[in-house]
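# Reading the structure
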Amino acid sequence: MSAAPETPRRRRVRLIVIPAALLVGVSATAFTLAELHPAKPGAPAAGAVKLGDPHRGQAAFAATCAGCHGSGGKGGGVGPRLVGLDITVAQAKAQIDAGGGVMPAGLVSGAKEDDVLAYLATILGGS
C-alpha cells in the first residue's frame, strides 16, 4: 500500500503555517515573561544609592545605554523610555545591577554606575 501524494495545501501548512505558529507562540511567551518580569530585583534602601557626577554620567549613558534607551533616555531602542519614567534612582540601580529582559546585569559598575545614576536622577520622574 503506497502513501497518498502530498497536496500543495498540506505542503504549505507543513512548511509555512506550522513554523509561523511556533514563532508566534514562542515570541508571545518570551514577551509576556519579559513584561511580567518574575525575577524583578528588589530596590536597595533609599539612602544606599551613591550618586556621582551627572555630567560624566551623561557621557557614560550616551556611550553605554543610549543604544537601547535612546539619546537622553527618550526611547527609540529595545529599552524603555527613561525620561519621566516613574521609578526611583534606587529602583534604577537595582535594574542596572540585576539586569532583566534584554538588559544585561552590571552593564555599568563602580564610579561609572554612580555617575550614570546621578544623570538618571535628572531625567527620571520618580526620583
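For the structure, see preceding data.
Now for a look at the structure at hand. Nothing here was measured: the structure is a model prediction, and the numbers come from that model.

What follows deals with a nonpolar patch on the surface. The grouping of Val13, Leu15, Ile16, Val17, Ile18 and Leu22 at the surface amounts to a nonpolar patch, some 530 Å² of accessible area in total. Within the fold, Val13 resides in helix H1 (residues 8-36).

Here the focus is the packing of helix H2 (residues 54-64) against helix H5 (residues 110-123). Helix packing geometry: the angle between the two helix axes and the distance between the axes. The interhelical angle for the contact between H2 and H5, taken along N-to-C directions, is 100°, at an axis separation of 7 Å. Comparing their axes, H5 and H2 come out roughly perpendicular. In this structure, H2 uses Pro54, Arg56, Gly57, Gln58, Ala60, Phe61 and Thr64 to contact H5, whose residues at the interface are Lys112, Asp115, Val116, Ala118, Tyr119, Leu120 and Thr122. Here the contact of H2 with H5 is built from residues that sort into seven nonpolar, four polar and three charged.

Glancing now at the nonpolar core. Core analysis: the largest hydrophobic core is formed by 17 residues, its most contacted members being Phe61, Leu82, Ile96, Val116, Leu117 and Leu120. Listed by contribution, the elements that provide at least two residues to this core are H2, helix H4 (89-98) and H5. At five residues, H5 tops the list of elements feeding residues into this core. Ignoring anything within four residues of it in the chain, the contact list for Ile96 reads Met103, Pro104, Ala105, Gly106, Leu107, Val108, Glu113, Val116, Leu117 and Leu120.

About the thresholds
- Residues numbered from 1 in each chain as written.
- Predicted model: local features only at pLDDT ≥ 70, side-chain atom pairs only at ≥ 80, totals over all residues.
- Heavy atoms only, no water.
- Patch = residues over 30% accessible without salt bridge, like charges linked within 9 Å, V, L, I, M, F, W, Y side chains within 5 Å.
- Areas by Shrake-Rupley, 256 points an atom, 1.4 Å probe, with all protein chains shown as cover.
- Salt bridge = Lys/Arg side-chain N within 4 Å of Asp/Glu carboxyl O.
- Helix = DSSP H or I, 4+ residues; strand = E, 2+ residues; numbered from the N terminus.
- Axes fitted to C-alpha atoms, helices over the stretch in contact; angles between N-to-C directions.
- Parallel < 35°, antiparallel > 145°, perpendicular 65-115°, else oblique.
- Contact = heavy atoms within 4.5 Å.
- Nonpolar A, V, L, I, M, F, W, Y, C, P; charged D, E, K, R; others polar.
- Core = buried A, V, L, I, M, F, W, Y, C linked by side-chain atoms within 4.5 Å.
- Buried < 20%, exposed > 50% of the residue type's maximum accessible area, 1.4 Å probe, protein only.

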